[in-house]
Each structure stands twice: as structure tokens, then as C-alpha cells.
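# Examination of the molecular architecture
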Amino acid sequence: MNRTKNNLSLGNRLWPRSLHAQLALLSGLMLAITIALYGWYTAREQSAIAEKTILMEIHTLAQNLATASADYLVVRDFASLEQILIQSAEFPGVLSIQVTDAGGRRVGDVVRTENNAPARVRFGEPPLTPPALSDSGGSIVQREADRLAVWRPVASGGILGWVRIEHSLRTIGEIRGQIRKSSLIAVVLAILASTALLLAFLGRPMRAIRRATVFAQKLDELRGNKIPVDRTTVEIEQLGEALNEASARLLDSESRLNHLAHHDPLTNLPNRLLFIDRLHQAISQAQRLKNPVALLFLDLDRFKVINDTLGHTIGDQLLKEAGHRLSVIVRDGDTFARLGGDEFNIILTYMSHAQDAATVAKKLLDLLSQPFVVEGHELFITASIGITLFPTDGAEAQTLLKNADAAMYRAKEQGGNQYQFYSPIMTIKAHERLAMETGLRHALERAEFAMYYQPQVDLRTGEIVGMEALIRWLHPTWGIISPTDFIPLAEQTGMIVPIGEWVLRTACAQNKAWQSAGFPPMKMGVNLSSRQLREKDLVKMVDRVLGETGLEPRFLELELTESLIIPNAEPTIETLRDIRAMGVQIAIDDFGTGHSYLNYLKHFPVDKLKIDTSFIRNIATDPSDAAIASAIILLAHNLGLKVIAEGVETEEQMAFLRRNRCDQIQGCFFSPAVPGEAMTQFLREGRPFFPHIADSHLG
Ligand SMILES: Nc1nc2c(ncn2[C@@H]2O[C@H](COP(=O)(O)OP(=O)(O)OP(=O)(O)O)[C@@H](O)[C@H]2O)c(=O)[nH]1
Ligand SMILES: [Mg+2]
């Protein structure tokens, strides 16, 4: 600002910077110029007219005198001539009158002094030099600085002499001067009047402009206020309205920005920022009112599978709809938010007691139990919910959130589709999990994994027809860790990918080794996790491992759990088809426990179903388990699939399955999963391995 001021030229500095003053000055100047021009023009015109009039009068006077003089000159009556000259010299503006003979000698000469004294006769002046005669023989005008001299020949037959009248031009100058003076006064008055008028007229709009400027400067502070619109001037009115519109737009975009900053764009639910803020508020209010606050941490179960099999767009849609459906539980004062991913978080205030949180959690799970239909896909989802209470489980927002996460994790560990209240043991578990995760990262390089094998027996022949390869983690200090304890962790951290490849390679190599040692060839079942199934180069990896170990594809069977089967899951189906095209077989594990998309089973490239252990356990005693197991066997056979029962531990279970024409069984009834060397020993002991169960044996 200062720089601009300093850079102003002198002219700019003299020129006022206020529009108001500029307008006043400009209009004053314009009026002054107009009046001055008009004055100058009028003066010129007026003096021209005056000069013309004077000339005409002098001409007439000169003509009259010339006529009168002719006779006097002829009779040489110079005394009478003098009288006429004295009378004529009284004519206003006349300075002197001379009558000469043809040679220019003065025969009569009267003069008037400048101060308007009466005319007097003058003698002894030198002769004059008459001008050359004009063509018309009329008057000849000679102009000097302040006077005119008009010559008129005195003629009567020939030129007798001349009349010369000298006339002052002062009157014309006076006329001019007067006009100039009145013009000047008019100019000054005009400037004063126009300035005063403009100041008066422009005062209001100028005040409106100044108000508008102040308003614009404080637009952000005024937050949607309106400026009173002055409607006396169109431009000012437009300015006022434009400012009001700008103010409204500013408020609007501010509130939109504010909304964006505090809401999740996908679901339009409050985001982490707003959620934490509300949690702080709820806590401080609870401290004052001594009421409990519950924090519910909800995470959808196996949501990744949906994303990976049906695509992110459908995943997004599902999140949106789930958010929408779940948000109905919110009452005034509660907050339902999405903190990210497939997590939804709820703050419950105004609860009468902690158990209310469980009621809400149940309701949330209930709401999810109805399938979602997204772009024609019928999708079943469940969720795991962790609950923390203020002040019991934490005094601060972050602690409550962390503990709710631990409780949610516990609910997942318990199989999902449930809620868990936080208990301090969960924090300990969370620490243990962290330790396990660290250990898991080194387990592969430290060769802490081992493969165990469990035989699969054909119920018709009693022969071992296959093995299921099962991983064990032999930790130097923690001992043997079951895959159910560390595989979920490996899945979450992505470590399942290298571990899975190691499992596949080891199992294939073992199978090949058994074949090379001369044992009858059999299938090797290897479990495939959902995470592996999502790996883009799974097919290549399987192919590579088979190539490296030299195992024929038909001796490999990949097992995947039923929960991986999702309707129209094209990418999964593609992958499985490719694997099957190589000659590798596919079995569905834990059949009967997931959402049975029976309709879709026929599209799935599958060779075998594995009945879940949970149905086998009570097969001999529980009629409904028995019914389910036999239905699965029937279903598999009708679909042209083989069926195997796992977890078979007793003679009765085995007998039931054989009666119901189950193809194969697996379980401790024959052998638990044992290390490779033990299995080699086992195989050496002969075949068919279990002749006593074979159909032929029964006759
Ligand atoms: N479509 C979609 N997916 C998301 C979005 N944000 C996160 N995800 C995915 O949601 C999944 C959430 O991961 P987790 O909850 O750990 O995994 P999960 O498969 O649900 O398994 P569990 O919760 O352990 O049962 C991840 O695969 C993310 O890539 C999103 O905005 N849209
Ligand atoms: Mg999840």
C-alpha cells in the first residue's frame, strides 16, 4: 500500500484519490471548461458585432461628412466646415476628424482628448498621406492597435479631398473584458455550485459504497449477515445484492467444507474427527452428570472377501447400505460414525445401565442378519462388536477406543457375529498377539514351521487315498502352536502368502517323496486361505511349485473354506477354473457352516465337499446333525461331487458315514495328524491300511 503511494507521480498525488472528490472535481472542471469556452466564444462574437456596428456608423458618418464637406471645400468655407466637424466629433468613440485637400493638407482638424473632453480645433499638424482610392471609390479602413482610421474621398466631379475619422477601439476591448469578467465569475460559481451539488447528491451512494467496503472486509466474520441494500442507485443496489449473494455463498461453501471435514464422504456419517470430538463431549458430560457412556466398535466380518471377489464398487455400496441400515439405532445425543474401512463406531449416552449397550449391540447384529442386495447380488454379512464403558474401561477417549477395538477383536476370535464387553484380559491378549505377530515374522526364516499329515481313508476299500497337510508352528519357548491360533494373524498381516507357499511346496515335495519311495500314489490336500486366493499370481505359484517338486497336478487337492464362496464371484471362479484346468482338484472345507449358497455351488469348479467336524461330532446321537450330514452326502453325490467327513473319532461315527455312503473319512479314529517321518513309518506298515472297515470286509 505504502509503496503504491510512494510511487505516485506528482499529478497523481494532487489528484484526489476519493471517488467522491474526483467526481466533484471532474464535474466542476468540465462545467468550468464549458463556461470558459462559451465565454470566449461569446466575447469574440460580441466584439465582432460591436466592431461591425461601429464601422457601419463611422462609414455613415464619413459618408455624410464627405457629402457635406464637398460644398464647403468648393466655396472654401472652412469655418462652417469646422462647426460640422466639432458636432460630428461628439459621436461616441470618435477621437479626431480631419478634412484634407486632395494632396493631404489639412483644411479642418478637430480632436477629442481621451478623457471625453469636448472636441477642439487643432492647427499646425503636418499633412496626411491619403490612401490610394479603392475601386468602388468608397471608404478605406486603416486599423491600428487601439484605433481605426476611416478615409472617405470627397468627390464632386473629381477628388476634392479626404475625410478621415479616427475612432477608438477601446469600447470593443471593454465589451470583451466585461464578458470575460462575467464568464470568470460564472466559472467560479459553477465550480462551487456543482461541487456542492455533487457532494450533496453523491453523499448517500458514497456512504453506501463505504458501508459495502466495510461489509466486504468483514465478510468472513459476519457469517451470512446481510447488508441493507440501498436502492436509490442501480449500481449501488447491484453491489449490495452481489455482496449479499457472496455472503450467502460463502456461508454455504463454509458449511459444506465443514461438513466434508467432519463426515465420511462414502456414507455421509460422522468421521473420526467428529467422532473423537463427540466422544470427548460425551465423556465430559458423563463426568458432570455421572451417567455411563458406552462405546461400540463394530467391524464387519471378512469384508475383504466381498471387496476382492465382487470389487471395490460393490464393497463401497455395501458399506453405504450397511451404514444406512445400522444408523437407525441412533437416538438423540448418540453418535453413529464410520472411522474408516469396514468399521462403524457408536457412542451411546443417556443409558440407564450398562446392559443397554448389549441391547443395542444385539439390535445391530440383528439388523445385519437380513441379506443385502447390491447390484443383484444377495450378500450376507455379519459383524463383530466390542463394547467399552466409561468410566469403568477407560477415562479417556483414546483408551476407550483402543479397548473397544480389543473387545471387538475378541468377538472376531470367537468366530464373529457377536459382541463382547471389554475386560482387562483382552489388553493382555492384545499384547500377546503383538508378541505372536513379531514371532511369526521370523518363524519362516528360523524354520520353526513343520508339516503334519492326516490320512484320508476310502470307506469302500479301506485304503489311504489322500492326506491333508496341516501346518504346525514349533516355537522354541511357546511350544507347539495350532494353526487356529496363528493363521488368522498371518492372514491379517499378509504373512500367509509366503507361509502358504512354503506349505504347498513342503506338502507337494513330501507327496512326491512318498511316491518315489514306492508308496501307492495318493492326493495331498493343502488348505488355501482367502488371502492367498486373492493373490494375483496364485495360479502361477501353484504351477511353479508343482514344476519344482515334480508332483503331478492330479495328486494335489486345494481346500478352501465355504465362506470363500460368494455368488457371482467371478475372479474367484476364474482362478479356481485355471487351477482345475491344470489338473489340480478343489475341495470345499467346513461345508455346512458358512452361508450355503447352494444355488451357486453348481457354478463353482469343485470336486469334493468336506463335511464340517461340528456335524460329525454328534452324528451318532443327534438326529439333526445326522440329517444334515446325510443331506450333504446326498447333495454332493447328486452334484457329481465326492464327499469326505472330517473329525471322525469313533466307530459309530464311521459306521454311520459308511451306511450313508460317504466316500471318505478323516480323523483320529484312524490317525491324528502326525509329522512326515511318522507318517512314512505309518505307510510302511502296509496297505490297504484299514481292511477292517472296507465294504468288502463287511461282505
Ligand atoms: N469397498 C471398500 N473397502 C474398504 C474401504 N475401506 C477399507 N476397505 C477394505 O475393508 C477391509 C477391512 O479390513 P478388515 O476388517 O481388517 O478385514 P475383514 O476382511 O473385514 O476381516 P475381519 O474384519 O477380520 O473379519 C479391507 O480389505 C479394506 O481394503 C472402502 O472405503 N471401501
Ligand atoms: Mg472387517
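Look up a bit, the structure's there.
For every chain, the first residue of the written sequence is number 1, and numbering continues from 1 onward in sequence order. For this description, chains carry letters from A and ligands carry numbers from 1, given in the order in which they are written. The predicted nature of this model means local features are confined to residues of pLDDT at least 70 and side-chain atom pairs, given and counted, to a pLDDT of 80 or more, with totals for whole chains, interfaces and linings taken over all residues. Hydrogens and water molecules were not included; the side-chain quantities draw on all heavy atoms of the structure.

A word on the sheet that holds strand β6 (residues 158-168). Taken in spatial order, the six strands of this open sheet run β3-β2-β1-β6-β5-β4, and their pairing is antiparallel. At either end of the open sheet lies a strand with only one pairing partner, and these are β3 (120-121) and β4 (140-143). Pairing between strands is defined by DSSP: at least two bridges between the two strands are required. Each helix is a run of DSSP H or I of at least 4 residues and each strand a run of E of at least 2, with the numbering of both proceeding from the N terminus. As defined by bridge partners, β4 adjoins strand β5 (residues 147-156) across four bridges and the pair is classed as antiparallel. Each residue of the ladder has a partner; that of I140, found in β5, is W151. The strands touched by helix α4 (residues 78-89) within the sheet are β1 (94-101), β2 (106-111) and β3, with β2 carrying the most contacts at an inclination of about 30°. Should any heavy atoms of two residues lie within 4.5 Å, those residues are considered in contact. Where helices are involved, their axes are fitted lines through C-alpha atoms of the stretch in contact, as for all axes, and angles between N-to-C directions lie from 0 to 180°.

Taken together, 15 residues lie near ligand 1, and R302, K304, N307, D316 and D342 sit nearest. Between ligand 1 and D316, the relevant distance is 2.5 Å, taken from a nitrogen atom to a side-chain nitrogen or oxygen of the residue. Interatomic distance of 2.7 Å between a side-chain N/O atom of D342 and an oxygen atom of ligand 1. The protein chains shown are the only cover counted for residues, whose accessible areas, like all others here, come from Shrake-Rupley with a 1.4 Å probe. The fraction of the free accessible surface of ligand 1 (650 Å²) that becomes covered by protein chains is 72%. For the shell around ligand 1, the elements supplying multiple residues, two or more each, are β7 (293-300), α9 (303-310) and α10 (312-326). Counting residues per element, the shell around ligand 1 draws most heavily on α10, which supplies four residues. Within the shell around ligand 1, the residues separate by chemical class into three nonpolar, four polar and eight charged. The nearness test applies per residue and asks whether one of its heavy atoms lies within 4 Å of the molecule or strand. Side-chain atoms alone can form a polar contact between residues adjacent in sequence; in general such a contact is a pair of N or O atoms within 3.5 Å, and within protein one must be able to donate a hydrogen while the other accepts it. Throughout this entry, Asp, Glu, Lys and Arg are counted as charged residues, while Ala, Val, Leu, Ile, Met, Phe, Trp, Tyr, Cys and Pro are counted as nonpolar. The remaining residues, Gly among them, count as polar.

Time to look at the coordination of the magnesium ion (ligand 2). Around the magnesium ion (ligand 2), the protein supplies D299 (OD), L300 (O) and D342 (OD) as donor atoms, at distances of 1.9 to 2.2 Å. Atoms of type N, O and S within 2.8 Å of a metal are treated as its donors, and for Na, K and Ca the window is 3.2 Å; water is not considered, so some sites may appear to be missing partners. Here the metal geometry follows the donor angles, with tetrahedral for four donors whose angles all fall between 85 and 135 degrees, square planar for four and octahedral for six when opposite donors are more than 155 degrees apart and every other angle is between 65 and 115, and irregular for all the rest. Taken together, the six donor atoms coordinating the magnesium ion (ligand 2) span angles of 77 to 174° at the metal, a pattern that classifies the geometry as octahedral. When the donor residues of the magnesium ion (ligand 2) are listed from N- to C-terminus, their spacing reads D-L-x41-D. One end of the pair, D299, is in strand β7; the other, D342, is in the loop between β8 (335-340) and β9 (343-348), and 43 residues separate them in sequence. Each member of the pair, D299 together with D342, is buried. Burial classes follow relative accessibility: with a 1.4 Å probe on protein chains only, a residue under 20% of its type's maximum area counts as buried, one over 50% as exposed, and anything between as partly exposed.

What the five strands build is an open sheet, ordered β8-β9-β7-β12-β13; its pairing is mixed. Of all the strands in the sheet, just β8 and β13 (418-421) have a single pairing partner and so form its edges. Within the sheet, the average angular offset between the axes of one strand and its neighbour, ignoring direction, is 20°. The pairing of strand β12 (residues 383-390) with β13 spans four bridges and is classified as parallel. In the sheet register, I387 faces β13, and the bridge partner there is F421.

Another point: a nonpolar patch on the surface. The patches reported here contain residues having more than 30% relative accessible area and no salt bridge. Joining distances are 9 Å for like charges and 5 Å for nonpolar side chains (Val, Leu, Ile, Met, Phe, Trp, Tyr). Salt bridges are defined by distance alone: a side-chain nitrogen of Lys or Arg within 4 Å of a carboxyl oxygen of Asp or Glu. Residues W15, L25, L26, L29, M30, I33, L37, W40 and Y41 make up a contiguous nonpolar surface patch of about 910 Å² in total accessible area. For W15, the location among the structural elements is in the loop between α2 (10-14) and α3 (19-75).

Moving on to the packing of aromatic side chains. Think of it this way: a Phe, Tyr or Trp ring, Trp meaning its six-membered ring, pairs with another when their centres are within 6.5 Å, and the plane angle makes it stacked under 30 degrees, edge-to-face over 60, tilted otherwise. Under the criterion given, the structure shown has ten aromatic pairs. Both rings, one in Y453 and one in W514, keep their centres 5.3 Å apart while their planes meet at 75°; by these two values the pair is edge-to-face. Of the two residues, Y453 sits in strand β14 (residues 449-458) while W514 sits in helix α15 (residues 496-516), which places them 61 residues apart along the sequence. Owing to a relative accessible area of 2%, W514 belongs among the buried residues under this scheme. Ring geometry for W473 and W478: centres 6.0 Å apart, planes at 75°, overall edge-to-face. Chaining the aromatic ring pairs together yields one cluster made of F449, W473, W478, F486 and W502.

Our focus in this paragraph is the nonpolar core. What makes a nonpolar core is a set of buried Ala, Val, Leu, Ile, Met, Phe, Trp, Tyr and Cys residues whose side-chain atoms join them at distances within 4.5 Å. L556, L609 and L657 are the most contacted members of the largest nonpolar core, which has 76 residues in total. At seven residues, α15 tops the list of elements feeding residues into this core. If you look at the next biggest cluster of nonpolar residues, it comprises 34 residues, including L296, L300, F336 and V360.

Next up on the list: the packing of α15 against helix α17 (residues 538-549). Packing of α15 against α17 brings their axes to within 9 Å, and their N-to-C directions diverge by 35°. Crossing of α15 over α17 shows right-handed handedness. Two secondary-structure elements touch here, α15 through E501, L504, R505, C508, A509 and K512 and α17 through M541, V542, R544, V545, L546, E548 and T549. Of the residues in the contact of α15 with α17, the class split is seven nonpolar, one polar and five charged. The crossing is said to be left-handed when, going from far helix to near helix, the turn is anticlockwise and less than a right angle, and right-handed when the turn is clockwise.

Quick look at empty space enclosed by the protein now. Two kinds of site are reported from a 1 Å grid over the protein atoms alone, namely cavities, where a 1.4 Å probe fits but cannot get out, and pockets, open sets with protein on both sides within 12 Å along at least five of seven lines, and residues are called lining when an atom falls within 4 Å of a point. Grid points are joined across faces, edges and corners, and a volume is the space filled by probe spheres set on the points. Counted under the stated rule, the structure contains two cavities of 30 Å³ or more. The volume enclosed by the largest cavity comes to roughly 70 Å³. As for the largest cavity, its lining consists of A208, I209, R211, A212, I227, P228, V229, D230, I236, L239 and G240. Elements supplying a minimum of two residues to the lining of the largest cavity: α5 (170-217) and α7 (234-262). Of the residues forming the lining of the largest cavity, the biggest block, four residues, is contributed by α5. Within the lining of the largest cavity, the residues separate by chemical class into eight nonpolar, one polar and two charged. Computed from the structure, the second largest cavity encloses a volume of approximately 40 Å³. Taken together, L219, D220, R223, G224, S247, L250, L251 and E254 make up the full set of residues lining the second largest cavity. Only α6 (219-222) and α7 provide two or more residues apiece to the lining of the second largest cavity.

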